[in-house]
Amino acid sequence: MPAPALKPRLAVWKFASCDGCQLTLLDCEDELLAIAGAVEIAYFREATDADLEGNFDLSLVEGSITTAHDAARIRDVRQRSRKLVTIGACATAGGIQALRNFADVREYAAVVYAHPDYIRTLATSTAIASHVTVDWELRGCPIDKHQLVEVISAFLAGRKPVTPTHSVCLECKRKGNVCVMVAPGTPCLGPVTHTGCGALCPSYNRGCYGCYGPKETPNTPSLSRWLAGLGVDERDLQRVYRTFNTYADAFREESERHG
Ligand code: SF4
Ligand code: SF4
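I will try to describe carefully the structure that is included in this document. None of these values were measured; they are calculated from a predicted model. (Residues numbered from 1 in each chain as written. Chains lettered and ligands numbered in written order. Predicted model: local features only at pLDDT ≥ 70, side-chain atom pairs only at ≥ 80, totals over all residues. Heavy atoms only, no water.)

1. Re the site of ligand 1
(1) Moving on: Around ligand 1, the structure places S17, C18, D19, G20, C21, E62, G88, A89, C90, G140, C141 and P142.
(2) Moving on: Mapped onto the shell around ligand 1, the elements with two or more residues apiece are helix 1 (20–26) and helix 4 (89–93).
(3) Moving on: For the shell around ligand 1, the residue count by class is 6 nonpolar, 4 polar and 2 charged. (Near = heavy atom within 4 Å. Helix = DSSP H or I, 4+ residues; strand = E, 2+ residues; numbered from the N terminus. Nonpolar A, V, L, I, M, F, W, Y, C, P; charged D, E, K, R; others polar.)

Here you go:
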């Protein structure tokens, strides 16, 4: 009798993050059993205590690098992974914790912790791609489960994932939403934000907050002029770009033009 075929080994890693993107994988109710059947889950602390030695065919990495220990750990993960995919705003842009990059992290620690002298942290929070080579980036805070299933299936099949890079505006048009910026005059980051959420906020008459980070070739100066025309002042123009993807290049550069 032939030996059973070896399954690809999947690992899911956490760095500085809230676990929300890992939970998206557990939230793939219908697809999870198929995924679990197609791979050997070799390391995934959120779901199992398996901690297998050796190398991995696919590593999903959540979170940003904020400590020297994690900077060394991600290099080890990279060496042991055939393919490495970063998931979420923390891993792809440094996350909300990258607000420290514009400030003095020691001042932040002194405000938050009773004993800041116990805290061992880097001055910055940076994306995984600033430390190691990344094979694919999946945006969002949190990521979209359909895009996650597409990326896992694609890597298992040895093909390139298909995840669109256009703006949230296109999703809005497809859904037939009335534009909140044109009609009631609500500020919206949709024109410069990467697709993936299904235009969730505009579908409920709210402006987009930019959870998925900058789309390809975003025209942020043009959007800022629109927002200023709606009454957004210089200080708030800086702040709208300083959320989950504050250290993504296009949002960081535009925020630094205001304030
Ligand atoms: S990207 Fe958002 S949901 Fe995902 S780990 Fe970071 S903070 Fe949590
Ligand atoms: S509501 Fe926002 S995302 Fe939707 S079309 Fe208008 S500007 Fe674009």
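After that view of the structure, there is still more to cover.
2. Overview of the site of ligand 2
(1) Moving on: Taken together, V168, C169, C172, K173, C179, V180, M181, C188, G190, P191 and P202 make up the full set of residues near ligand 2.
(2) Moving on: In terms of residue count, the dominant contributor to the shell around ligand 2 is helix 7 (residues 168–175) (4 residues).
(3) Moving on: Among the residues forming the shell around ligand 2, the class breakdown is 9 nonpolar, 1 polar and 1 charged.

3. Overview of the side chain of E150
(1) Moving on: Relative to the assigned elements, E150 resides in helix 6 (residues 145–157).
(2) Moving on: Beyond its immediate chain neighbours, meaning those up to four positions away, E150 contacts R159, K160, P161, V162 and T163. (Contact = heavy atoms within 4.5 Å.)

4. Some thoughts on the sheet that holds strand 2 (residues 40–44)
Strand-to-strand pairing in sheets goes through backbone hydrogen bonds, with the strands running parallel or antiparallel.
(1) Moving on: Ordered in space as 2-1-3-4-5, the 5 strands form an open sheet in which the pairing is parallel. Only two strands of the sheet have a single neighbouring strand rather than two, namely strand 2 and strand 5 (136–138). Sheet twist, expressed as the average angle between the axes of neighbouring strands with direction ignored, equals 20 degrees.
(2) Moving on: Of the pairings in the sheet, the one linking strand 1 (residues 9–14) to strand 2 comprises 4 bridges and is parallel in character. Bridge pairing in strand 2 places V12 opposite F44. (Pairing = 2+ DSSP bridges. Axes fitted to C-alpha atoms, helices over the stretch in contact; angles between N-to-C directions.)

5. Some words on the nonpolar core
(1) Moving on: Formed by 20 residues in total, the largest nonpolar core has its most connected members in L25, L58, L60, V85, I87, L148 and I152.
(2) Moving on: Listed by contribution, the elements that provide at least two residues to this core are strand 1, helix 1, strand 3 (56–62), strand 4 (81–87), strand 5 and helix 6.
(3) Moving on: Here the element with the most residues in this core is helix 6; it accounts for 5 residues.
(4) Moving on: Listed in part, the 16 residues of the second largest apolar core include F56, I65, A91 and V134. (Core = buried A, V, L, I, M, F, W, Y, C linked by side-chain atoms within 4.5 Å. Buried < 20%, exposed > 50% of the residue type's maximum accessible area, 1.4 Å probe, protein only.)

6. Some details on unusual backbone geometry
(1) Moving on: In this structure, the amide linkage connecting C141 to the following residue, P142, adopts the cis form with an omega of 0 degrees.
(2) Moving on: Relative to the assigned elements, P142 resides in the loop between strand 5 and helix 6.
(3) Moving on: Phi angles above zero are rare outside glycine, and A199 is one such case at about 50 degrees.
(4) Moving on: You can see A199 is positioned in the loop between helix 7 and helix 8 (200–203).
(5) Moving on: On the basis of relative accessibility, which here comes to 0%, the residue A199 falls in the buried class.

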